[in-house]
Amino acid sequence: MDKNNDSIFTRWITGILRNRKAITGVAIIFIFIFLAVLGPFITEDPTAFLGTPLSPPSWEHWLGTNGQGQDVLSQTISGARQTLLVGFTTGIMVVLIGALIGGISGYYGGRIDDFLSLLINVFLVMPGLPLMVILASWLPPGPATLTGVLVLTGWAWNARVIRSQMMTFRSRDFVSAAIVSGERNIRIIIVEIMPRMLSLLASSFIGASIYAIGAQVGLEFLGLGDVSTVTWGTNLYWASNDMALLTGSWWAFVPTGLSIAIVSFALTMINFGIDEVTNPRLIAERVWRENIPMDTVVNGITPVVRDHE
Amino acid sequence: MNQSLHYLLRRLGFYFIAAWAALTLNFFIPRLMPGDPAAIIFARFRGKLKPEAINALRETFGLTDEPLLGQYWSYLKSILQGDLGISIAYFPEPVTNIISSALLWTIFLAGLSLIISFSIGTLLGTIIAWNRSGRLDSTLPPVLAFIGAFPYFWLAMVALYIFGFELSWFPLGHAYGNNVTPGFNLSFILSALHHAALPALTMIIVSLGGWMLSMRNIMITTLGTDYISFAHAKGLSSRLIMIRYAARNAILPNFTGFGMALGFVLSGALLTEIIFSYPGQGYLLLQAVRAQDFPLMQGLFMTITFAVLAANWLVDIAILFFDPRTRK
Amino acid sequence: MNSSVLSIQNLCVNYITPGDPVKAVNDVSFEIQQGEIFGLVGESGSGKSTVVQAILRILPPPAVIAGGKVIIKNKDILSTSNTEVMQYRWKQISIVMQSALNALNPVLTVREQIEDVLKEHSDLKSKATEDRTKELLSLIDIDVSWLDSYPHQLSGGMKQRVVIAIALALMPPVIILDEPTTALDVIVEREILAKIIELRKELGFTILFITHDLNLLLEFADRVAIMKNGRLVELDKAQKIRSGGKHDYTQKLIRSLPSASGPREKGLLPRPENLDLGEQPILEVQNLSKSFHDSGIFNPRSIDVVKNVSFQVFPGEIIGLVGESGSGKSTIAKLITRLIRPTAGDIFLKGSNKKVSEARRVPLEYRKQVQMVFQDPFGSLNSVHTVYHHLARPLLRHQLISEQDLLDHIIEMLETVGLRPGTTFAEKFPHEMSGGERQRVAIARALSLGPDLIIADEPTSMLDVSIRMEILEIFARMRIEKNLTIIFITHDLASARYLADRILVLQHGSIVEQGKAEDLIRSPKEQYTKQLIKAASPGWLRSLSFNNNTKDKDVGHV
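If you're wondering where the values come from, they're calculated on a predicted model, not measured in any experiment.

## Quick look at the overall build of chain C
Looking only at helices and strands, chain C has 20 helices and 19 strands in total. For 558 residues, the compact-globule formula gives about 24 Å, and the C-alpha radius of gyration of chain C, at 26 Å, lands near that figure. Considering only contacts in chain C between residues 6 or more positions apart, those separated by 24 or more positions represent 68%. Carbon and sulfur atoms provide 48% of the accessible area of chain C, an area that totals close to 23100 Å². Between the mean site of the 67 positive side-chain charges and the mean site of the 67 negative ones, chain C shows a separation of 1 Å.

## What about the pairing of strand β4 (residues 63–72) of chain C?
Residues and elements named next belong to chain C. Of all 10 residues in β4, 8 are buried; the element is thus mostly enclosed. With 7 bridges joining them, strand β1 (residues 4–15) and β4 adopt antiparallel strand pairing. Residue pairing in the sheet places N14 in a bridge with V64 of β4. Here β4 folds back onto strand β5 (residues 75–76), and the loop between the two strands holds 2 residues, one of which, K73, carries a positive phi near 50°.

## Some thoughts on a nonpolar patch on the surface
Residues and elements named next belong to chain B. On the surface, L112, I116, I120, F184, L186, I189, L190 and L193 cluster together into a nonpolar patch covering about 810 Å² of accessible area. Counting only elements with at least two residues in the nonpolar patch, the list comes to α5 (95–130) and α8 (186–223). Residue contributions to the nonpolar patch peak at 4 residues, all from α8. Position of I189 among the secondary structure elements: in helix α8.

## A closer look at the pairing of strand β17 (residues 485–490) of chain C
Residue and element names in this part refer to chain C. Within β17, 6 of the 6 residues are buried, which leaves the element mostly enclosed by the surrounding structure. Direction of pairing for strand β13 (residues 318–323) relative to β17: parallel, over a ladder of 5 bridges. Within the sheet, the bridge partner assigned to G320 lies in β17 and is F488. Inspection of the sheet shows strand β16 (residues 453–457) paired to β17 by 5 bridges, in the parallel sense. Across the sheet, the residue bridging to I455 is I487, located in β17. Where the polypeptide runs from β16 across helix α16 (residues 465–481) and back to β17, its parallel neighbour, the crossover connection is right-handed.

## What to know about the interface of chain A and chain C
Taken residue by residue, the interface counts 43 residues in chain A and 55 residues in chain C. Together chain A and chain C conceal approximately 3900 Å² of surface at their shared face, both sides included; 57% is due to carbon and sulfur atoms. Taken as a group, V180(A), I301(A) and T302(A) account for 17% of the area that chain A buries against chain C, more than any other trio of residues on that side. Residues R393(C) and E183(A) are paired through a salt bridge, measuring 2.6 Å at the closest nitrogen-oxygen approach. At the junction of chain A with chain C, the criterion picks out 16 residue pairs in polar contact (both at pLDDT 80 or more). For the side of chain A that touches chain C, the secondary-structure elements that each account for two or more residues are α1 (8–18), α7 (173–180), α8 (185–193) and α12 (280–291) of chain A. When grouped by side-chain class, the residues that make up the side of chain A that touches chain C number 19 nonpolar, 10 polar and 14 charged.

## Quick notes on the packing of helix α7 (residues 152–166) of chain B against helix α10 (residues 238–275) of chain B
Describing two packed helices takes the angle between their axes plus the distance from one axis to the other. Residues and elements named next belong to chain B. Put simply, α7 and α10 touch, their axes get as near as 8 Å, and they point 35° apart. Between α7 and α10 the crossing geometry is right-handed. Residues Y152, F153, A156, M157 and L160 of α7 touch α10, and the partners they reach there are V265, G268, A269, L271, T272 and I275. Here the contact of α7 with α10 is built from residues that sort into 9 nonpolar, 2 polar and no charged.

About the criteria used
Residues numbered from 1 in each chain as written. Chains lettered and ligands numbered in written order. Predicted model: local features only at pLDDT ≥ 70, side-chain atom pairs only at ≥ 80, totals over all residues. Heavy atoms only, no water. Helix = DSSP H or I, 4+ residues; strand = E, 2+ residues; numbered from the N terminus. Rg over C-alpha atoms; globule rule 2.2 N^0.38 Å. Contact = heavy atoms within 4.5 Å. Areas by Shrake-Rupley, 256 points an atom, 1.4 Å probe, with all protein chains shown as cover. Lys, Arg positive; Asp, Glu negative; His and termini not counted. Charge placed at Lys NZ, Arg CZ, Asp CG, Glu CD. Buried < 20%, exposed > 50% of the residue type's maximum accessible area, 1.4 Å probe, protein only. Pairing = 2+ DSSP bridges. Patch = residues over 30% accessible without salt bridge, like charges linked within 9 Å, V, L, I, M, F, W, Y side chains within 5 Å. Salt bridge = Lys/Arg side-chain N within 4 Å of Asp/Glu carboxyl O. Right-handed = clockwise from strand over helix to strand, strands pointing away. Buried area = accessible area lost by both parts, 1.4 Å probe. Polar contact = N/O pair within 3.5 Å; in protein donor to acceptor, adjacent residues only side chain to side chain. Nonpolar A, V, L, I, M, F, W, Y, C, P; charged D, E, K, R; others polar. Axes fitted to C-alpha atoms, helices over the stretch in contact; angles between N-to-C directions. Left-handed = near helix turned anticlockwise from the far one by under 90°.

Such coordinate-based values are descriptive only and should not be taken to indicate function.
What follows is the structure, given as structure tokens:
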């Protein structure tokens, strides 16, 4: 019994705001989004052919130029825009579809579940890249195609996880109690169960976004994006096409790659943070570790710390 | 053992359904796109093929004048007979030939990397979960998570640049050197390993974090169970408990995770191949995209999908073997 | 003093939390003499399990031993090195843990788990090890053919015996039994306990027995210690405790345990003066059956949970549906409340022409008339919503109260079930309330729609013993005040005796006997009923006649 009258949500939010990993991650993401939004106003035109191709970093071009003579710094900053936009949009759509299909499948069970589960499993087991390649080849290149293709190949994972959680909650007494009082199913799903699944939905969104950014870059690298636009993926495509590697022009592909990694890593950190705050076992572990001198800890033997207060 | 067989057959049935779904998707995608698929494909073949050959190709894709269902049957018949059409980029080679030679290289490289990565990752995950207070647990997961955040192929680029270009420790591409003849001779095998080393290393390092983390998390859950407390109470040695009681149990759900991640890991492997000009499925995929070689693309989609399904079934067999709860 | 084989002095154990540490064990001291049976009793959260796990130092994080001594053979285990801790584990003290059903490693055979211990601690060669393993199994009446089985192939009772065999492996001087039989059927429980006591007579070890069931302990313990909130409140010989003990809490515990046999205590729960039931049953169940298809991938099969059950319930009465775990009683509850559909049979509510079990959609009217109170007070309320939400939703759904009157009505309901002041409780979240308070909210929720029939599925089994009677009293009172009919489901024959007018005894999905409560208790007709009553009465140990043919009883079905 616990005298705290805050709702669970309040506690989560305050916990997350205090969690180092989550804060760091959020800060990094905000920096990138900020740069992406302000991009056109603070950099030169990334598509302008300004300097000698593949020249190393200098005072004029802080990150050098790429194979077309374009400023790498501008390219990196403007590339963030579409990549992040497609990434997060895909993330949201994947979670919505996952919640819909996974939720219905997990809640209603029976034949509906048999059918939807089969659907989920089939999409889950099929390798994504080849399917994405075919779809993207047939469709006109651009962010809409990318988003569509990513969602189609990526929705199944989250749907499965959400279904699993929904099934757990479905069997709990508070759901039975709601049914016995006459509540409608839709209301139970939305008002009673979904609030309990918020942390899962949040980390699903983040996980899906990470996947979307990575897969998007992969597709564009293959040449399936709109190569006339500036995105992180097309940057790498051109770097490879213009033989940046074999001429030793590392500045043409390193900044973009680093940016992708930093963003993905930041998102992962946010996920770790959410998990640490909402998972009771991890909370217990962390608190314990912070308070016990580590040299007394041996796996399997309870430590004795006298005068512990 | 009857029940185990029953289970395996059910799983096989599922994989057949998935394979059928892939085939059907393959059939419908061109037809759902704007424009006439036949025209798009055959525009490329103009001037290269005799009319009879073009008709044969039509049969393969089912792009005949029959009603839709008829087209579907022709298409299925061709596929099941092993006829995947003729490649545009490698004209006039049949798709099946091109793919089969590349398939072996992909299985070699990706398979090797996967097994090594999974084994080391699982081992690391076990040790880290056991020594929760150790320095390893605070440094390794974040470091490997950071490395895993890089796109596979980008790390491949960096690795190729540093170790291939700058340091010249490893060759810059391909599966074996020019001066070696393929066959079961030592110099060929050594050359193949030398060429596979850098791409394999890249893939192993990137995916290591994922396997390690998942094993670590499952181990942590396992370590909280009653039977582990009981094992400690029994006074058994640490090593015995870690391996025989904890890891033995934790590895089972990990295998399941392995099966599910196969498709994803394979995609990364394909992109890595491209960087290293490794003559596997990934390299073919790039050529196919560049040349808009739809027969090849669709052939690749089919073979890769079937390969992943087969691998999943093998994992199912492995799980059956390791988990005594499956036996009555 | 010198014949004490285990001595606990000023033991303190804390659990580290984000806030202040929780003192799970606070300055506990006691000594156990050679050869005695020492009982440690307390409700959940009293710290009794923490004490014994601290003795072996197997408490998982976030536990920390903050002070005290545990002396065995003149050595303080809390001050020795880690290697020495390993030395005395299992050789000096072994433990049969709480929920021992999960104590066995799922991927190792019975043989491997017994031999593990022998190989680690003794120098026996492999033949000798195997002989010893077989010897241990026969000690606790398990056939050696089960040696190479896996835990999932054994029944609950058998798993328990295997764990006991492991505990006996090195013949330690002290064996700790931490709630060793809680999850088992009453009858199996008694058999195993009798076996343990018999073995103790033969082999001479000392027993430290932990349980929440004081009645059970008073049957066979020599001395009993009672814990509450981490402290030891009473320690004395068993007879002295049975006659009341010194501490208030002890007396409260003794008093809250009605007996299933012997004369009926008067005035324990309110009853109506005249029970005029009328002719028409309010609920009639005919030939009700439910089978589940175990979708286990490996051996799909059908389990008949409810077999051809028929009974009637008359308006205004309280029926006690008594059965052990696996008897199908919860399934019957779910069938009557239409959470699941029957495989066969009919349910009639308020009249023989209103068959309710067939229609797919459950009419709203039915939901108003039939309500349920669940077993687990922690699971039946949604942690993200306040008490107000839980009580308001049903009322709004059935459009019984207007929005303005809602709050007042809810406050009134809360005060009816004893939660005062209603205004404060309405704002609370579930985590702010104790188990008893939550259960009261659940009862208020069930009552809010003004139902005719309430099914209470083991409403007190997860609550502390000391407040059980209070909850039962609410039911008894509500029956009179609100004209309710109640089906009270329980495994505890004693509380059924005091709350119910009629009792139905359920075994393996069928009703074996039914009748008026007092008649059934005083003169049971069926063998199973007799066994149940005996198991819930004092003196069961002496009366239980066991013989060495108990080997055949464990059929070993999963």
